[in-house]
Amino acid sequence: MRLNGLGDAIDRHEYPTSSTDFAQHYGDEVIELQNGQETVAEILARLGDETYTCPQDVRDALFTGVGHEAIGRRYYSDRDPSPFGENGPDMLSF
């Protein structure tokens, strides 16, 4: 995930701030993901109304609020099998 220069804006923003206020200022900024992109407004909308007390709170929200496009192969793990009782994807070997 790349913040594409948004990191500086996050640091300069005045805190505390609400997710609504932050999205009003930077909601159109695009975050580049592994398999696509999302706007700040799309990401923060998933998390509901929050209050951020510092820049790290915003970064944490963005990193945890992204969709599945932010990861590589979905449902892939080279370490753990699917839990008992769940049918995960078929194994794929390269």
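In the annotation of an unreviewed UniProt entry, the entry for the protein reads DUF2795 domain-containing protein, and the organism field reads Haloferax marinisediminis.

Caption draft 1: Quick peek at the side chain of R59. For R59, the position within the fold is in helix 4 (residues 55–65). A relative accessible area of 17% places R59 in the buried class. Ignoring anything within four residues of it in the chain, the contact list for R59 reads L3, G7, I10 and D11.

Caption draft 2: Spotlight on the pattern of salt bridges. The full count for this structure, using the stated rule, is two salt bridges. Here R59 ties to D11 by a salt bridge, and the two come within 3.1 Å at their closest N and O atoms. One end of the pair, R59, is in helix 4; the other, D11, is in helix 1 (residues 6–12), with 48 residues separating them in the sequence. Judged by relative accessible area, D11 falls into the partly exposed class, the value being 43%. Here E38 ties to R46 by a salt bridge, and the two come within 2.2 Å at their closest N and O atoms. E38 sits in the buried class, given a relative accessible area of 6%.

Caption draft 3: Layout of the packing of aromatic side chains. Counted according to the given criterion, the structure contains one aromatic pair. Plain terms: the ring middles of F22 and Y26 are 4.8 Å apart, the flat faces sit at 45° to each other, and that makes the pair tilted. Of the two residues, F22 and Y26 both sit in helix 2 (residues 19–26), four residues apart, roughly one turn of that helix. An identical accessibility class is assigned to F22 and Y26; each is buried.

Caption draft 4: The pairing of strand 2 (residues 30–33), seen in detail. By the alternation rule, side chains of strand 2 split into I31 and L33, which are all buried, and V30 and E32, of which none is buried. Here strand 2 pairs with strand 3 (residues 36–39) via four bridges, running antiparallel. Considered in strand 3, the bridge of I31 is made with E38.

The rules behind the values
- By convention here, each chain's residues receive numbers from 1 onward along its written sequence.
- Two thresholds apply to this predicted model, a pLDDT of at least 70 for residue-level local features and 80 or more for giving and counting side-chain atom pairs, whereas whole-chain, interface and lining totals are computed over all residues.
- As a rule here, side-chain values cover all heavy atoms of the structure and leave hydrogens and water aside.
- Secondary structure counts use DSSP, requiring at least four H or I residues in a row for a helix and at least two E residues in a row for a strand, with both numbered from the N terminus.
- Burial status follows relative accessibility: with a 1.4 Å probe on protein chains alone, a residue under 20% of its type maximum counts as buried, one over 50% as exposed, and anything between as partly exposed.
- Only heavy atoms matter for contacts: two residues are in contact if any of them lie within 4.5 Å across the pair.
- We define a salt bridge as a side-chain nitrogen of Lys or Arg found within 4 Å of a carboxyl oxygen belonging to Asp or Glu.
- Note on aromatic pairs: the rings of Phe, Tyr and Trp (six-membered ring only in Trp) are paired at centre separations within 6.5 Å, and the planes decide the class, stacked below 30 degrees, edge-to-face beyond 60, tilted for the rest.
- The pairing criterion is simple: DSSP has to find at least two bridges between the two strands.

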